[in-house]
Amino acid sequence: MRRLLLLCAAFCLMVAACAAQNLRVPASVSAGEEAAISTTGNGKAKFYLLGPGVSDKSEVTLGEEIHLHAQDLKKAGSYLALLCSGTCNSATFYVSAAKPASLTFLVHPSRVPVGLSDAVSGVVFPFDQFHNLVLAPLTVNFQLTAANKSLFSRPLLTKDGAAWFRATSGNSAGVLQVVAAIDDVSARRAVQQVASDPCNLRISGQRVTTGILVQTEPVHDCTGNIVPDGTIVTFSATEPTGKSTVDAPIKQGIARAQIVASGETVISAASGVVLGNELHIGAKP
């Protein structure tokens with residue numbers, strides 16, 4: 001009988017010890033919010049909180065709530081709550097990122113030819129005020145405009161903290177405004193649209209005292225944009241004595257070159273894959 005009583009007493013002590021270590025962590029916590037952990041039992045215990053941005057130890061009273069300060073829960077991730085009174089019991093909970101407060105927005109390239117398919121791409125990463133990447137799905141509204149005209153508008157969901165797009169560049173040279181927005185949080189980038197390859201290259205020329213002066217008409221791309229200065233036009237001259245070439249950069253929309261040739265000469269021009277008309281210049285008198 002005495003032995004049975006001793007066994008019952010030991011069992012009760014074990015149950016009491018286990019009960020003293022019970023703790024219940026919150027089901028969900030957002031970064032930067034206060035939270036509470038409930039405990040059972042009575043007496044004093046040591047409480048430990050371990051997480052991405054905290055390593056804390058305190059003395060608590062069993063049976064009362066343990067209040068977690070907002071400053072201890074600023075980093076998103078998994079946290080471990082450990083309660084020790086004789087023996088230790090633990091539980092884990094997860095702190096999620098708060099609502100978006102800023103966007104990291106990357107757009108490529110900084111300069112793009114007009115009318116180019118899938119030429120502009122962008123990716124956005126939402127972060128909360130504590131610099132946690134927001135992993136929960138969010139709707140990002142992407143807007144591309146040029147000269148107050150919408151070229152692309154689409155809502156896309158983030159996946160694993162990112163959303164991205166590809167779009168065709170506009171038809172007019174100038175600044176392309178690219179905006180990403182989540183509710184009232186937005187980020188803006190600018191892409192410079194430039195003329196595409198030259199189109200319908202036309203040249204004219206005449207003899208001068210030092211040879212032949214040849215030049216292009218104003219050089220445009222196929223949508224009418226002036227080709228940027230610095231684009232190279234190659235002039236080729238063929239006469240009975242041989243062939244020569246001159247590379248001339250476009251300046252203020254026109255490329256000019258002087259060719260030394262005295263005989264009957266055929267001159268052509270090319271820029272990239274575009275060929276111009278041929279000129280036939282008679283021999284020097």
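Structure first, text after, so check above.
Rules and cut-offs
- Residues numbered from 1 in each chain as written.
- Predicted model: local features only at pLDDT ≥ 70, side-chain atom pairs only at ≥ 80, totals over all residues.
- Heavy atoms only, no water.
- Helix = DSSP H or I, 4+ residues; strand = E, 2+ residues; numbered from the N terminus.
- Buried < 20%, exposed > 50% of the residue type's maximum accessible area, 1.4 Å probe, protein only.
- Contact = heavy atoms within 4.5 Å.
- Disulfide = S-S within 2.5 Å.
- Salt bridge = Lys/Arg side-chain N within 4 Å of Asp/Glu carboxyl O.
- Core = buried A, V, L, I, M, F, W, Y, C linked by side-chain atoms within 4.5 Å.
- Pairing = 2+ DSSP bridges.
- Axes fitted to C-alpha atoms, helices over the stretch in contact; angles between N-to-C directions.

## Examining the environment of Ala-101
Next up, step 1: Turning to its location among the elements, Ala-101 is positioned in the loop between strand 8 (87–96) and strand 9 (102–108).
Next up, step 2: According to the relative accessible area criterion, Ala-101 is partly exposed, its value standing at 43%.
Next up, step 3: The spatial distance from the C-alpha of Ala-101 to the C-alpha of Asn-132 is 9.8 Å, given a sequence separation of 31 residues.
Next up, step 4: Other than its neighbours up to four places away in sequence, Ala-101 contacts Phe-127, Asp-128, Gln-129 and Val-185.

## Some points on the state of the cysteines
Next up, step 1: Per the counting criterion, the structure on display carries two disulfides.
Next up, step 2: Each sulfur of the disulfide joining Cys-84 and Cys-88 lies 1.9 Å from the other. Between Cys-84 and Cys-88, the S-S torsion sits near 115°, and that sign places the bridge as right-handed.
Next up, step 3: Disulfide partner of Cys-199: Cys-222, at an S-S distance of 2.2 Å. Negative torsions about the S-S bond denote left-handed disulfides, and the value of about 85° found for Cys-199 with Cys-222 makes this one right-handed.

## A short note on unusual backbone geometry
Next up, step 1: That bond from His-108 to Pro-109 is cis: its omega, -5°, falls within 30 degrees of zero.
Next up, step 2: Within the secondary structure layout, Pro-109 lies in the loop between strand 9 and strand 10 (111–113).
Next up, step 3: Backbone geometry at Gln-252 places phi at a positive 55°, although glycine is not the residue there.
Next up, step 4: With respect to the helices, strands and loops of the structure, Gln-252 is situated in the loop between strand 22 (242–249) and strand 23 (256–259).
Next up, step 5: With relative accessibility at 75%, the residue Gln-252 sits in the exposed group.

## Digging into the pattern of salt bridges
Next up, step 1: Scanning all chains against the criterion turns up one salt bridge.
Next up, step 2: Where Lys-46 meets Glu-59, a salt bridge forms, and the shortest distance between an N and an O atom there is 3.6 Å. On the criterion of sequence distance, the pair formed by Lys-46 in strand 4 (residues 44–51) and Glu-59 in strand 5 (residues 54–61) is long-range, its members being 13 residues apart.
Next up, step 3: Here Glu-59 falls in the exposed class, since its relative accessible area comes to 53%.

## Looking at the nonpolar core
For soluble globular proteins, nonpolar side chains are generally found buried alongside one another.
Next up, step 1: With 24 residues, the main nonpolar core has Phe-105, Val-124, Phe-142, Leu-144 and Phe-165 as its most contacted residues.
Next up, step 2: Listing elements by their share of this core, those giving two or more residues are strand 9, strand 11 (120–127), strand 12 (139–146), strand 14 (163–167), strand 15 (174–182) and strand 16 (185–194).
Next up, step 3: Once residues lying within four places of it in the same chain are set aside, the contact partners of Phe-165 are Phe-105, Val-120, Ser-121, Gly-122, Phe-142, Leu-144, Phe-152, Leu-156 and Val-178.
Next up, step 4: Membership of the second largest hydrophobic core comes to 22 residues, among which are Val-54, Ile-66, Tyr-79 and Phe-130.

## Let's talk about the sheet that holds strand 11
Next up, step 1: In spatial order, the strands read 9-11-14; together these three strands make up an open sheet with antiparallel pairing. Both outer strands of the open sheet, strand 9 and strand 14, are each paired with one neighbouring strand and no more. The mean inter-strand angle of the sheet, taken between neighbouring strand axes irrespective of direction, is 15°.
Next up, step 2: Sheet analysis places strand 11 next to strand 14, joined by five bridges and oriented antiparallel. Directly across from Gly-122, in strand 14, lies its bridge partner Phe-165.

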